[in-house]
Each structure stands twice: as C-alpha cells, then as structure tokens.
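Notes for the structure review
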Amino acid sequence: MRLRYRFLTSAAVFALLAVIPLIAIGQSGEYELSHPRFIEVWERNDLPIQEGQVSRTWTWGPGANTPLMDEPYAEADDGLRTVIYTDKSRMELPVGAVPPDSEWFITQGLLATELMTGRLQLGDTIFEQHQASELFVAGDPVNNNSPTYAQMGDLMDRPARLTGEAITELVLSDGSIAEDYHLDAWGVTDAYYIEQTDKNIASVFWAFMNSSGVIYQNGQFTQGDLFSNPFYAIGFPITDAYWGHVTVAGQEQEVLFQCFERRCLTYAPFNDPEWQVESGNIGQHYYDWRYQEIGDPVDDSTPPSADDDEAVSDDSDDAVSDDSDDAVTDDDEISDDSDDAISNDDDVAADDDLFDDADDSGFDDGVSDDDGNGTDPGDECATVSPGESVQRVVDGASPGDEICLEGGTYNEHLRIETDGITIYGGGATFDGTLGTGAPGIWIDADDVIIVGVNIRNYSGISLLDQNTEGSRIGFVDIEGDSMDLIRVINTHDTFIDRVRLMMPEFDEDVNGVLVERSELLRIRGAEIEGGDAAVLATGDFNDGFSNASTLTVEYSEITDSRYAVKLDAVRGARIQHNEIYLNVHGVRAGSILGNAPGARDTTIQGNVLYNNEYGVRLMNSIDYDVLIHSNAINNHRYSVAIATGVDNTTIDVHHNNFNNNSIEGFVSHGSGTLNATSNWWGHESGPDHSDDPNINGSGDEVRGDVFVVPW
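Report follows, based on the coordinates. Source: prediction; values computed, not measured.

The next subject is the overall build of the protein chain. Within the protein chain one finds six helices and 58 strands. Relative to its 711 residues, the protein chain shows a buried fraction of 59%. Long-range contacts, defined as pairs at least 24 residues apart, comprise 62% of the intrachain contacts of the protein chain with a sequence gap of at least 6. A total of about 26400 Å² of accessible surface is found on the protein chain, and carbon and sulfur atoms cover 44% of it.

Here's what the structure looks like:
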C-alpha cells in the first residue's frame, strides 16, 4: 500500500493539536510584571506586538497572570525563589551570583519537562514525584483530541529520526503512530540534530528559533533576532515533531507539534505566515497543574543526588543554564521502538494494543500478536481444524467464548447467533465454491469479534453484519465479484479495521462495504480495490436520515472503483486522511434522485485525492452542510463538481491544495455563493476564475458563483 501505517505500542498518544488560534483558551495579563528586569525581558519581543508594530505570536503573553510569587527552591535565599507567571512561561529571578548583564539573569523553568514527567523541581538536584499533567497540550480544554502532557511524556524515549528526512509521522486518535506519506507535501523536515537529547528540531521550528523581526531595545523599536540564543526561551527538544489533527472551535486541521524542555511549539501551515508557528500556553498550564491538579507526592523516594544521571549541573553544555535540571529521562519508561511493530501481508502493521479495551478499537486479544494478524487468543480457546465444522462449535459456544481456527480451508457458510464470542482465524480461509448464495459469514449477534480470516468465492454477500451492536471485524481479507463483500445493515457501533477487499476493476456488480440504516460505523486502515463502490452508504430514500449516521472512513487506500466513497443517504459522515486514486469518482455525496436524503453534515478532510475523473462530486440533495477541508486534490478533470440544485451556501471549501486539475477544474452549478477562500490553486497568482474577471491567475480553473482569493 502506498499509504503505509506503522502502529506502535505507545502508552498513550492522541491526535493532535490545533487550528486558528491554536490556543483556544486565553488569559490577558491581569497583573503588572512588577519587577524591572521582568519588564525588560518582556518588552524585547512582546511590546512590539502590544503596540501594533508587528503581528506574530507572543513570546510571553500580553502581561502577567500572577503577582510576584515566592516558590520553594533549595538553593535560593531563605529557600524561596521569586517568580511570575505569564501565558507562555514563568520568569524567575536568579538564584546565586549571576552577572546582571547575563542573558540568563532572568531564567525560566523547564515547565514542559516537569509537566510531562511529573517531576516537580524544588532545587538543583531535588525533585518531588507527582503524576504527570493530564491537561491538554493545546486546543479546547474539553472534548479535545490533543494529547495531554502525560501522553507526550510517553514519547520522550523514542530515538531520533534521520536528520534531513521529511516528517510524515502522524499521531492517530487511538494513540498509535502512523506513517502518512502525503504529509511530505508540506516540506517540513527534521532539520537540526541535538546530541544532548538525541532529538531533531523540525525545520519550521528551527527557523522560528532563529528568526528576526521588530524588537524593542534601548528604548526604541528596531530590527533584531527574536532570540539572541535560540534555546533561551524554548530549551532543547525532548520529543520529535509529529503531525496530528485536533478540533479547536469546531474545526480540524493538520498541525505539527513538538515539545521542548521549556515549551511546546505548534505549526499550522494554513494559518497566515506570521501565525503558523506558535508557542503554547504552558505558563497557564503549569500553574494550573502545580497549584490545582497535583496532590501529595506519589512516593517518598530519595531525590537524585548530584551524581545521578538525571541531574545536570548548571554549567552543563545544554545552553539552558538556569539553576534547574536539564531534560530528564525516567528509567522506568520503556522505549517504544520498532521491534514492537508487526506487519501483515498487506503491509499494514498491527499494534499490540490495537485489540485492548483501553483502545477505542474495542478489540482485545489478551496477549501480544505474534503473527501480525491479530490472531493470538487466550488460553481457553476452542480449536477447530480444517474438515471440522466451525458452525457446530459456534452453535455450542457461550457468551465470552473464544474459537481458534487452524490454518487451512473451511468449505462452509457460518452464521453467528451467540453474543460475545470471538473467532480468531489465524489466516484460515472460508471458501464458498461448493456453497449456496447465503452469506459466507453472517454476524447475527451482539459484541462479536472476527479476526484474521480470509473469505473467497461466495456467490452472495461475503460477510453480513445485520441487526447487531458492537461488532468488531479486523484483519479480514476478502476477494469476490458478486453483491457486497461486506454488508452492514441496521447495526450500532461496528468497527471494521484493516481489511483488504479485492474486486474486479470498476465492476458494477459488486461493492466493497455497503452500509444501510446503521449508526457509528467506522472503517479504518482498509485497502479496497475495484468494484462499483468501495464504500456505499445507501438505503430506502423514503426512510430519510435513519438510513445511516456517523459513518467514518479513515486512513484507507481506495483505487480502481467507479466510486471510492458514495454517500447516497447518510448523516454525519467523516471521510478523512485517505489516499484515493484512479477511480471515476473520489468522493460522491448526494444522489441524482430528487427524493434522496443525500449527505448531511459531511466532512471531507485531510485526504489525498489524485488521478480520479472527479475528486469530489456533490449531487442533488435535500440538505447538505459539507466541509471540504485540508485535502490535496490533484490531477483530475474536475477537482470539485457541484450539481444544479445544490445550495452553495451550505458548503465550505478551505485550506485545500488544488493543483493540475487542468481540464475542467473547480465547477459549481449550485445556487448562492460558495465560500472557497484560503485554498492553494496551484500557482501563487491564484486560480483562473472564468466568472470573475478580477481573478485571472495561472492556477486551476474555477467556474460558477464561487468566492475565492488569489492564494
């Protein structure tokens, strides 16, 4: 597969970061900075922002969030150090003899390190262990897919990637890390290696740390470096940079993030250039953690001595000498290296934890997956061998039982009518060559798990999931040329994970996954080739939106179909982060039938669509509300085509990369004005808008009542 996933057993990492603005909660300066040295440091970078001299992210924030405070620190006079908190950091008066003209006279704590490890620093070599912070790194304070600082701490021990390579690792919403190669289109690389922490700094963050602009110095505004030492305000990196997706103020966007000793930085490529790199509100977060979140220490272990590997003297070469500890490494952490990754035959690697109930997949195989196909059962698994009847064993099973198939071929139809059983296929094949037109496997009970089977040669439906709740179908390989390879009817909470569905190219007689009257269906990591529709949401159009709701298709590769994703009757569909190519239609929403309920509340985001005839096609519909966001849509006849009768005002098209859709381009026949601002049209001069004489760039063609701007 071109879109290759590498799932790792990280303790917990969630999908990431932010949009405009990346920090959804803010706090204006409620207090004066009070101390002249604090004011001097603040004025250098942030007074130009406050006075309107420049537009860029704050270094400290608009002011102080606290009055001057005294915090315990063993080496300080009377054991107390004077500090003040801002949105972005904590400023500290020096401990010991520091020359007044030193740039390190005013220091900052290693706030990110403490939040991620839970090690509250109370002296040069004195630490108090607490739980790491469960606050989100960025984004909305609730209902947020951003990682917490504790989850970011789980990434600290991963080894550095190769310097100079494109950054394409993506943190998924279930906590695993995938390789998403379309992200290399952003051109962000691991640019600068730091030996002290064995991490690279992402190119966009390294450029920010070495950037210049308007500063306030010697009583006047002038041009200068924002940071005379690039590590002064930020510190060394303690994680690699990762891409992620986070909802902020109801919007989701691809964002790069990286945590350093003092701060976490984010990069949102669709923001205006001066706001693409931002510093998180770690001063707020640390204050909340220290004074509201943590309780008593989690243990009374002896603090590390000055000889401890984790203690770093003030004269170390970390360029962050501040009377406090360097980046720390917890010896109890276990490196999540590539040895944990395992792959199956279709080059989609499996996570040991994929089948764990703590994971949102809902699978639980009980032990590690030695074979890479999710087929390692518990100790009480009933074994079935080729030539024996699987149906007989299933009929005699009780809820909670596990059934293990030995490798080989089973010439039978299987109907599962007992709740809560699990079938581990181990690569076994169900073959319908000698069978009837009944489904190959029919799930007719709740909470059934089927893992690691092959299905071949059935003249009817290969796998039917009907009138059920909580079905889990993973690592299933199906080849067929009739009806539907998987049909899901009247179900709730079905998860189809990393299946391979193979059909003849553009064959109108067979679909990959057909969905009807089902809620909360998720298809993830699938490889689907051929057929009429790879994924089809349909039903009785007179039945309205009860047909299907909350359908998610994500991280899948779909090719050689007439319709990669066809949404005839569905509400709340999310088509996201897929690779869709060489189809007639990439994503088609709505129907040519006037009474079709169509696709209400549809989100198409983060996909790579190329070499289809239509990238996205919107047909007649009763209602829409469609968001087309953050996609790469290239090399089509029509990048987006909108039919007559569609209300353009219910469609938003933003932050997409349209390029080389050279035959017809972006076409809308709908009514009202369609908002298509903040897209890239293949050329810096913008699109060639045939219906707006003021926009005649050299990029893709745009036709119809579509509002664009040149970039």
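One non-glycine residue with positive phi stands out, namely Phe506, at about 55 degrees. Within the secondary structure, Phe506 is located in the loop between strand 33 (500-502) and strand 34 (510-516). Positive phi, normally seen in glycine, also occurs at Leu582, with a value near 60 degrees. Within the secondary structure layout, Leu582 lies in the loop between strand 43 (579-581) and strand 44 (585-589). Its relative accessible area of 41% is what places Leu582 among the partly exposed residues.

Aromatic ring pairs are reported here in terms of the distance separating the ring centres and the angle at which the planes meet. Enumeration according to the criterion identifies 20 aromatic pairs in this entry. Every member of this aromatic cluster is reached through a ring pair, and the members are Tyr85, Tyr286, Tyr287, Trp289 and Tyr291. The ring of Tyr73 has Arg81 sitting right over it, with the charged end atom 4.0 Å from the ring centre.

Let us look at the pairing of strand 37 (residues 533-537). Most of strand 37 sits out of view: five of its five residues are buried. When strand 34 meets strand 37, the two strands line up parallel, connected through three bridges. Pairing of Val515 across the sheet is with Ala537, part of strand 37. Judged from the four bridges that link them, strand 37 and strand 40 (residues 563-567) form a sheet pairing that is parallel. From the neighbouring strand, Leu536 faces strand 40, where its bridge partner is Lys566.

Take the pattern of salt bridges next. One pass over the full model with this rule turns up 26 salt bridges. The residue Glu92 makes a salt bridge to Arg90 at a minimum N-O spacing of 2.7 Å. Arg90 carries the same exposure label as Glu92, and that label is buried. A salt bridge links Glu664 to Arg637; its shortest N-O distance comes to 3.6 Å. Here Glu664, found in the loop between strand 53 (657-659) and strand 54 (665-668), pairs with Arg637, found in the loop between strand 50 (632-634) and strand 51 (638-642); they are 27 residues apart in sequence, far enough to count as distant.

The next point concerns the sheet that holds strand 36 (residues 527-529). One open sheet holds the eleven strands; their spatial order is 21-24-27-30-33-36-39-43-47-50-53, and the pairing between them is parallel. Each edge of the open sheet is held by one strand with a lone partner, namely strand 21 (409-410) and strand 53. Sheet topology note: the strand 27 (residues 454-456)/strand 30 (residues 477-479) ladder contains three bridges and is parallel. The residue bridging Asn454 from the neighbouring strand is Asp477, located in strand 30.

The next point concerns the environment of Ile194. Position of Ile194 among the secondary structure elements: in strand 9 (residues 190-194). Ile194 gets classed as buried once you look at its relative accessible area, which sits at 3%. Spatially, the C-alpha atoms of Ile194 and Ala160 are 9.4 Å apart, while their sequence positions differ by 34 residues. Apart from residues lying up to four places away in sequence, Ile194 is in contact with Lys199, Ile201, Phe231, Phe236 and Pro237.

Before going further, it helps to spend a moment on the side chain of His689. By the element assignment, His689 lies in strand 56 (residues 688-689). Beyond its immediate sequence surroundings of up to four residues, His689 is in contact with Ile695, Val702, Gly704, Val706 and Val708.

All right, on to a negative patch on the surface then. A grouping of Asp601, Asp625, Asp647 and Asp652 is seen on the molecular surface, where their side chains present a negatively charged patch. Among the structural elements, Asp652 can be located in strand 52 (residues 651-654). Of the residues examined, Asp652 reaches a relative accessible area of 32% and is grouped as partly exposed.

Moving on, we come to the environment of Phe231. Relative to the elements of secondary structure, Phe231 occurs in the loop between strand 12 (220-225) and strand 13 (242-248). Of the residues examined, Phe231 reaches a relative accessible area of 9% and is grouped as buried.

The next point concerns helix 1 (residues 36-50). Between its terminal C-alpha atoms helix 1 stretches only 18 Å, short of the 21 Å expected from 15 residues at 1.5 Å a residue. The largest bend along helix 1 measures about 60 degrees and falls at Glu43. Along helix 1, the positions that sit buried rather than exposed are Phe38, Trp42, Asn45, Asp46, Leu47, Pro48 and Ile49. A positive phi of about 75 degrees marks Gly52, the residue just after helix 1.

The four strands lie next to each other as 1-2-3-4, forming an open sheet whose pairing is antiparallel. Of all strands in the sheet, those bounded by a partner on one side alone are strand 1 (69-72) and strand 4 (107-108). As paired elements, strand 2 (residues 80-85) and strand 3 (residues 90-92) share three bridges and run antiparallel to each other. Residue pairing for strand 3: Ile84 is matched across the bridge by Met91. Those strands touched by helix 1 are strand 2 and strand 3, and its axis lies near 135 degrees from that of strand 3.

Let's shift gears to the side chain of His636. Along the polypeptide, His636 turns up in the loop between strand 50 and strand 51. The class of His636 is buried, set by a relative accessible area of 3%. A distance of 3.1 Å separates polar atoms of two side chains, one belonging to His636 and the other to Asn612. Engagement of the side chain of His636 in a polar contact is seen with the backbone oxygen of Asn634, the distance being 3.0 Å. In this structure His636 touches Leu609, Tyr610, Asn611, Asn612, Glu613, Tyr614, Gly615, Asn660, Asn661, Ser662 and Ile663, once residues within four positions along its chain are discounted.

Criteria and thresholds
- Residues numbered from 1 in each chain as written.
- Predicted model: local features only at pLDDT ≥ 70, side-chain atom pairs only at ≥ 80, totals over all residues.
- Heavy atoms only, no water.
- Helix = DSSP H or I, 4+ residues; strand = E, 2+ residues; numbered from the N terminus.
- Buried < 20%, exposed > 50% of the residue type's maximum accessible area, 1.4 Å probe, protein only.
- Contact = heavy atoms within 4.5 Å.
- Areas by Shrake-Rupley, 256 points an atom, 1.4 Å probe, with all protein chains shown as cover.
- Phe/Tyr/Trp six-rings, centres within 6.5 Å; stacked < 30°, edge-to-face > 60°.
- Lys NZ or Arg CZ within 6 Å of the ring centre and 35° of its normal.
- Pairing = 2+ DSSP bridges.
- Salt bridge = Lys/Arg side-chain N within 4 Å of Asp/Glu carboxyl O.
- Patch = residues over 30% accessible without salt bridge, like charges linked within 9 Å, V, L, I, M, F, W, Y side chains within 5 Å.
- Lys, Arg positive; Asp, Glu negative; His and termini not counted.
- Charge placed at Lys NZ, Arg CZ, Asp CG, Glu CD.
- Expected span 1.5 Å × (residues − 1).
- Bend = angle between axes of the 7 residues up to and from the residue.
- Axes fitted to C-alpha atoms, helices over the stretch in contact; angles between N-to-C directions.
- Polar contact = N/O pair within 3.5 Å; in protein donor to acceptor, adjacent residues only side chain to side chain.

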